Amino acid sequence: MESVSGPKSVLEIRGLTRRFGGLTAVDRFDVDVNEGEIVSLVGPNGAGKTTVFNLISGVLRPTAGSVRLLGRELVGLPAHRITHQGVARTFQNIRVFPQLTVRENILLGTHHWTRSGMLGSVTFWPSTLRAERAAQAEVHTAIDLFRERLEARLDDPAFSLSYANRRRTEMARALAARPKLLLLDEPAAGMNPYERIEVAGLIRSMRDRGLTIFLIEHHMPLVMEISDRVVVMDHGVKIAEGLPKEVHSNPRVVEAYLGRRAASA
Ligand SMILES: Nc1ncnc2c1ncn2[C@@H]1O[C@H](COP(=O)(O)OP(=O)(O)O)[C@@H](O)[C@H]1O
Ligand SMILES: [Mg+2]
């Protein structure tokens, strides 16, 4: 008997649609991200990329469509349940708590699996301690990739960090959630060329450790270098999908970028 087992789908999006009043920010969008892949979502500003991430992570509810994680429907679940199912993300405009230390920010990523929140602290004490210890250990695992950058800063407040280190802290927090799917929204935005190369290396290391990554990035050389596949959006619609070199030379893609740039010039 022939057994053809295709790639295992981690994320399966079908017909995803989100309207804001008269604007259709995401329009019948389909995508698959398979286990161990790095898939990039690119497109001009306002294309609907961040909205796709907000719909996956439960920040927004779709008008229509389906989002499945390892076969399980996420649409309709509140954001914290989606985190618990295994989706972690970073934000285009960094979201770290400035007054908390790097360690505390990263610990926040562990809360959904340690249960060391409110309930934990009023129930059985030893299990709370165990959870606390597990969470602290996870901080060290999570910063493993960022050790040179963050280890010496663990007890510093996040506001005192450089921009790049705040981005690293946010990524470490996402890793501390032990996700099955990691959503990165422009992780290299605002970074210098040297830091961008480092980010590319980090993303690759995360994948090599078994993570599946869905990435929004508009720095094209980085996208071309690290992506297994690239999905291109414009005006909420998927206009191209394929290997990096295929989409790079796709006339619709070139037009979406150049057309918009010319219009804004
Ligand atoms: N919460 C919201 N309310 C109203 N309009 C929104 C909201 N979020 C995004 N939009 C609009 O949806 C479109 C897509 O935005 P976004 O997903 O942020 O694009 P991208 O990330 O590709 O730059 C834009 O026109 C934006 O103004
Ligand atoms: Mg965006």
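Just so it is clear, the structure is predicted and the values come from calculations on it, not from any experiment.

*Asks:* Can you help me understand the sheet that holds strand β5 (residues 72-73) in this one?
*Replies:* Pairing between the strands of a sheet is mediated by backbone hydrogen bonds and can be parallel or antiparallel. Strand order in the open sheet formed by four strands is β2-β1-β4-β5, and the pairing between neighbours is antiparallel. Looking at which strands have only one partner, the edges of the open sheet turn out to be β2 (23-34) and β5. Of the pairings in the sheet, the one linking strand β1 (residues 9-20) to β2 comprises eight bridges and is antiparallel in character. Looking at the pairing, S9 lines up with N34 of β2. Those strands touched by helix α1 (residues 49-57) are β1, β2 and β4 (64-69), and its axis lies near 115 degrees from that of β1.

*Asks:* Please explain the sheet that holds strand β10 (residues 237-242) as it appears in this structure.
*Replies:* Judged by pairing direction, the sheet is mixed, and its six strands sit side by side in the order β6-β7-β8-β3-β9-β10 without closing on themselves. Both outer strands of the open sheet, β6 (87-89) and β10, are each paired with one neighbouring strand and no more. Within this sheet the neighbouring strands show an average axis-to-axis angle of 20 degrees, counted without direction. The pairing of β6 with strand β7 (residues 181-185) spans three bridges and is parallel. Bridge pairing in β7 places V87 opposite L181. Along the sheet, α1 makes contact with β3 (38-42), β6, β7, β8 (212-216) and β9 (229-234), crossing β8 at roughly 145 degrees. Of the strands in this sheet, β6 and β7 are in contact with helix α8 (residues 163-176), which crosses β7 at around 160 degrees.

*Asks:* Can you walk me through empty space enclosed by the protein in this structure?
*Replies:* Using a probe with the size of a water molecule, rolled over the atoms, empty space left in the structure can be pinpointed. For the coordinates displayed, the defined rule picks out one cavity of 30 Å³ or more. The volume enclosed by the largest cavity comes to roughly 50 Å³. Contributing to the lining of the largest cavity are L55, I56, G58, L60, R61, P62, L74, V75, G76, L77 and I82.

What counts, and at which threshold
- Residues numbered from 1 in each chain as written.
- Chains lettered and ligands numbered in written order.
- Predicted model: local features only at pLDDT ≥ 70, side-chain atom pairs only at ≥ 80, totals over all residues.
- Heavy atoms only, no water.
- Pairing = 2+ DSSP bridges.
- Helix = DSSP H or I, 4+ residues; strand = E, 2+ residues; numbered from the N terminus.
- Contact = heavy atoms within 4.5 Å.
- Axes fitted to C-alpha atoms, helices over the stretch in contact; angles between N-to-C directions.
- 1 Å grid on protein atoms, 1.4 Å probe; cavity = no way out; pocket = protein on both sides within 12 Å on 5 of 7 lines; lining within 4 Å.
- Points joined across faces, edges and corners; volume = space filled by probe spheres on them.

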